[in-house]
Amino acid sequence: MARSADIDINAGARLDRLPICGFHWRILALIGAGMFLDAFDIYLAGGVLGAVLKEGWSTLELNAAFVSATFVGMTIGAWFSGILGDRFGRRFSYQMNLAIFGLASIAAAFAPNMIVLIGLRFIIGIGLGAEIVVGYATLTEFVPASSRGRWIGLLAVITNFSLFVSSMVGLWVIPTLGWRYMFGLVGCLAMVVSDSAQVDAGIAALARRQWTRR
């Protein structure tokens, strides 16, 4: 046990001393993609709720329940994400969160009524809330402490840029194809990123082992 703790401490110190390289940018791209889709899924609610209300598929009361379900789920997800991340590792938690809100978003595209959509939105919210916690925590594990603030700031810029993208995509997709395609799009992309994360998890683990030997 003591030996394992010494290795972890040594790995952290060596990671902090390493210069910025392609591996760091690859980690940022992977985490940034997940965080971007996370925020995209949150921000698409405005356009979707306007569309379902206009179609008579929902009411103001149900729309309010949809929003509430989102943030209740996010609160629960954020809490359990820290617990699962500490127990099973943040990369596992990251992939799991992407899969949760990805699959639930795909299911939401086929929701038969607003009640089912609200229930699925709650599940989506669990994945969304968890992703925010794990994304920032994971990035801090790999970037040097001397530039950590700048990397976190860059990740925040990537994440918040999704508001603009979500609005522009919704401006075309919702009137042309329908609001269901918004859920289907973000769900499929989340599953692609989740699959990429499985590959990079092995790369990150290998890199850690190599760096501890230096």
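What you see is a predicted model; the values in this text were computed from it and never measured. (Residues numbered from 1 in each chain as written. Predicted model: local features only at pLDDT ≥ 70, side-chain atom pairs only at ≥ 80, totals over all residues. Heavy atoms only, no water.)

Draft legend 1. Representation of the confidence of the model for the chain. Per-residue pLDDT for the chain has a mean of 83; in total, 83% of the residues score no lower than 70. Confidence drops under a pLDDT of 50 for residues 1-9, and excluding neighbours within four residues, the segment shows 1 contact in the predicted structure. (pLDDT = per-residue confidence, 0-100. Contact = heavy atoms within 4.5 Å.)

Draft legend 2. Inspection of the packing of aromatic side chains at higher detail. Summed over the entire model, instances satisfying the criterion amount to 5 aromatic pairs. Aromatic side chains Phe36 and Phe40 sit 6.4 Å apart centroid to centroid with 35 degrees between the ring planes, which places their arrangement in the tilted category. Of the two residues, Phe36 and Phe40 both sit in helix α2 (residues 22-43), 4 residues apart, roughly one turn of that helix. As far as the burial class goes, Phe36 and Phe40 line up, both buried. Pairing Phe161 with Phe164 gives two aromatic rings, centres 5.7 Å apart and planes at 35 degrees, and the pair type is tilted. Classification of Phe164 as partly exposed rests on a relative accessible area of 48%. (Phe/Tyr/Trp six-rings, centres within 6.5 Å; stacked < 30°, edge-to-face > 60°. Helix = DSSP H or I, 4+ residues; strand = E, 2+ residues; numbered from the N terminus. Buried < 20%, exposed > 50% of the residue type's maximum accessible area, 1.4 Å probe, protein only.)

Draft legend 3. Highlighting the nonpolar core. Ranked by internal contacts, the top residues of the largest apolar core, which has 37 residues, are Phe66, Leu117, Trp179 and Phe183. At the level of elements, α2, α3 (45-54), α4 (60-88), α5 (90-108), α6 (114-142), α8 (162-176) and α9 (180-212) are the ones that each hand at least two residues to this core. It is α6 that contributes the most residues to this core, 7 residues altogether. Once residues within four sequence positions are removed from consideration, Phe66 is found in contact with Ala45, Leu49, Met114, Leu117, Ile118, Arg121 and Phe183. Grouped together as the second largest cluster of nonpolar side chains are 10 residues, Ile27, Leu28, Leu139 and Phe142 included. (Core = buried A, V, L, I, M, F, W, Y, C linked by side-chain atoms within 4.5 Å.)

Draft legend 4. Examining α3 more closely. Burial in α3 covers these residues: Ala45, Val48, Leu49, Ala51 and Val52. Down the axis of α3, the smallest arc covering the buried residues is 160 degrees, so these residues share one side. Turned more than 90 degrees away from the buried face of α3, the exposed residues are Gly46 and Lys54. Count one or two residues on from α3 and you reach Gly56, which has phi positive near 80 degrees. (Arc of directions from axis to C-beta.)

Draft legend 5. Layout of the packing of α2 against α8. Where α2 meets α8, the axes come as close as 8 Å, and the angle between the chain directions of the two elements is 50 degrees. As far as their axial angle goes, α8 and α2 are oblique. Once α2 is placed against α8, the crossing between them reads as right-handed. Between α2 and α8, the residues in contact are Phe36, Ala39, Phe40 and Tyr43 and Ser162, Leu163, Val165, Ser166 and Val169, respectively. Looking at the contact of α2 with α8 residue by residue, the classes come out as 7 nonpolar, 2 polar and no charged. (Axes fitted to C-alpha atoms, helices over the stretch in contact; angles between N-to-C directions. Parallel < 35°, antiparallel > 145°, perpendicular 65-115°, else oblique. Left-handed = near helix turned anticlockwise from the far one by under 90°. Nonpolar A, V, L, I, M, F, W, Y, C, P; charged D, E, K, R; others polar.)

Draft legend 6. Structural detail: the environment of Ile100. Structurally, Ile100 is set in helix α5. Ile100 gets classed as partly exposed once you look at its relative accessible area, which sits at 28%. The contact partners of Ile100, leaving out residues within four places of it in the chain, are Ile123 and Gly127.

Draft legend 7. Representation of the packing of α3 against α4. The N-to-C vectors of α3 and α4 enclose an angle of 155 degrees; their axes lie 10 Å apart at closest approach. Judged by the inter-axis angle, α3 sits roughly antiparallel to α4. Remark: the crossing between α3 and α4 carries right-handed chirality. Along the contact surface, α3 presents Ala45, Leu49, Val52 and Leu53, while α4 presents Leu60, Asn63, Phe66 and Val67. Its residues assigned to classes, the contact of α3 with α4 shows 7 nonpolar, 1 polar and no charged.

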